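# Summary of the model geometry
Below, each chain spelled out in residue letters.
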Amino acid sequence: MKYKRILLKLSGEALMGNRQYGIDTERLIEYAQEIKKVVDRGCEIAIVIGGGNIFRGVAGAAKGMDRVQGDYMGMLATVINGMALQGALEDAGIKTRLQSAIEMDKVAEPFIKRRAVRHLEKGRVVIFGAGTGNPYFTTDTAATLRAIEIGADVILKGTRVDGIYDSDPEKNENAVKYNSLTFEEVFEKDLKVMDMTAFTLSHENKLPIIVFDMNKDGNLLKIVDGENVGTLVNL
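- As annotated in an unreviewed UniProt entry, the protein chain is Uridylate kinase from Chryseobacterium piscium.
- Quoted verbatim from the Subcellular location (unreviewed entry) field of UniProt, the annotation for the protein chain is "Cytoplasm".

## Details of unusual backbone geometry
- Even without glycine at this site, tyrosine 136 takes up a positive phi of about 75°.
- Checked against the element boundaries, tyrosine 136 lands in the loop between strand E5 (125-129) and helix H5 (139-150).
- Backbone geometry places lysine 206, a non-glycine residue, at a positive phi of 55°.
- Taking relative accessible area as the criterion, lysine 206 reaches 58% and is therefore assigned exposed.

## Topic: the UniProt feature "binding site: ATP" (unreviewed entry) in the protein chain
- The UniProt record marks Lys9, Leu10, Ser11, Gly12, Gly52, Arg56, Thr159, Tyr165 and Asp168 with the feature "binding site: ATP" (unreviewed entry), using the residue numbering of this structure. Spanning 160 residues, the named residues are also spread out in space, since their farthest C-alpha pair is 25.1 Å apart.
- Overall, the relative accessible area of 0% leaves leucine 10 in the buried class.
- Ignoring sequence-local partners within four residues, the contact set of leucine 10 consists of Tyr31, Ile47, Val48, Ile49, Gly50, Gly158 and Met214.

## Side note on the UniProt feature "binding site: UMP" (unreviewed entry) in the protein chain
- As annotated in UniProt, the feature "binding site: UMP" (unreviewed entry) corresponds to Gly51, Asp71, Thr132, Gly133, Asn134, Pro135, Tyr136, Phe137, Thr138 and Thr139 in the numbering used here.
- By the element assignment, glycine 51 lies in the loop between strand E2 (44-49) and helix H2 (57-62).
- Residues in contact with glycine 51, not counting those within four places in the same chain, are Gly12, Ala77, Thr78 and Asn81.
- Assignment of secondary structure puts threonine 132 in the loop between E5 and H5.
- In contact with threonine 132, not counting residues within four places along its chain, are Ala101, Phe137, Thr141, Ala142, Leu145 and Arg146.

## A word on the sheet that holds E2
- Taken in spatial order, the 9 strands line up as E4-E3-E5-E2-E1-E6-E10-E11-E9 in an open sheet, and their pairing is mixed. Whereas interior strands pair on both sides, the edge strands pair on one side only; in this sheet they are strand E4 (109-110) and strand E9 (180-182).
- Along the sheet face, H5 touches strand E1 (5-10), E2, E5 and strand E6 (154-159) and points at about 170° away from the line of E1.

## Some details on the pairing of strand E11 (residues 231-234)
- Of the two faces of E11, the one holding Thr231 and Val233 is buried and the one holding Leu232 and Asn234 is not buried anywhere.
- Across 3 bridges, E9 lies against E11 in parallel orientation. Opposite threonine 182, over in E11, you have asparagine 234 as the bridge partner.
- For strand E10 (residues 209-213) and E11, the ladder comprises 3 bridges, and the chain directions are antiparallel. In the strand pairing of E11, isoleucine 209 is matched with valine 233.

## Remarks on the packing of aromatic side chains
- Taken as a whole and judged by the stated rule, the model has 3 aromatic pairs.
- Taking 5.5 Å as the distance between ring centres and 80° as the angle between the ring planes, the aromatic pair formed by phenylalanine 111 and phenylalanine 128 counts as edge-to-face. Highlighted residues: phenylalanine 111 in the loop between E4 and helix H4 (113-121) and phenylalanine 128 in strand E5, separated in sequence by 17 residues.
- Here a set of aromatic residues connected by ring pairs shows up, and it is made of Phe183, Phe187 and Phe199.
- Stacked on the ring of phenylalanine 111, the Lys or Arg arginine 146 has its end atom at 3.7 Å from the ring centre.
- Across the ring face of phenylalanine 128, the terminal group of arginine 146 is positioned such that the distance to the ring centre comes to 5.9 Å.

Definitions and limits used
- Residues numbered from 1 in each chain as written.
- Predicted model: local features only at pLDDT ≥ 70, side-chain atom pairs only at ≥ 80, totals over all residues.
- Heavy atoms only, no water.
- UniProt positions renumbered as here; feature names shortened; annotations may be inferred.
- Helix = DSSP H or I, 4+ residues; strand = E, 2+ residues; numbered from the N terminus.
- Buried < 20%, exposed > 50% of the residue type's maximum accessible area, 1.4 Å probe, protein only.
- Contact = heavy atoms within 4.5 Å.
- Pairing = 2+ DSSP bridges.
- Axes fitted to C-alpha atoms, helices over the stretch in contact; angles between N-to-C directions.
- Phe/Tyr/Trp six-rings, centres within 6.5 Å; stacked < 30°, edge-to-face > 60°.
- Lys NZ or Arg CZ within 6 Å of the ring centre and 35° of its normal.

Shown next as structure tokens:
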């Protein structure tokens, strides 16, 4: 394996499948099977999921809602998604733990770094919910922060496109894909990989990022095994 410990970042929208909102059970099952392949390979995996399929704080604030209140609602949405993915993973025979940055001991453990690392060492998939536990921070930032804290080798950002392009490939059929980029090139070209706080944090801690298509069968395992899938951002 090229990567022994990974942090997988999934968007909440990814769980919608072909639905307009909410959670698509079939998509959950597909993701659980992809993650199982990596777990069976012996890779340690932690996961952060967004909450945009249920509620997005920024969208609420744009409509007049208090931003802090909206962000906390978004954090709770990520816990719901985490619980859904946890159920799908356990149905697939994978041992899991859900940790939350906001204490809710009836459904999740509090986030404790040493405990999270110990779970990973025992072969459990650890799902981090509730973002960083603070408003004004995205789940991209939460993913980067948790990856650094647990000593992950790489952040894998699973999306519905197969990498980073010079423009939106869903809007521009002539968009050009990059196979690899440096952090400096991403800054210079103003490419949208993650929000700037998350991206800067990753850069400062020399943590590589791979953006890839999570919906293509086998992609996650290929990356763990060192194949060139998606776009790698590194020093």
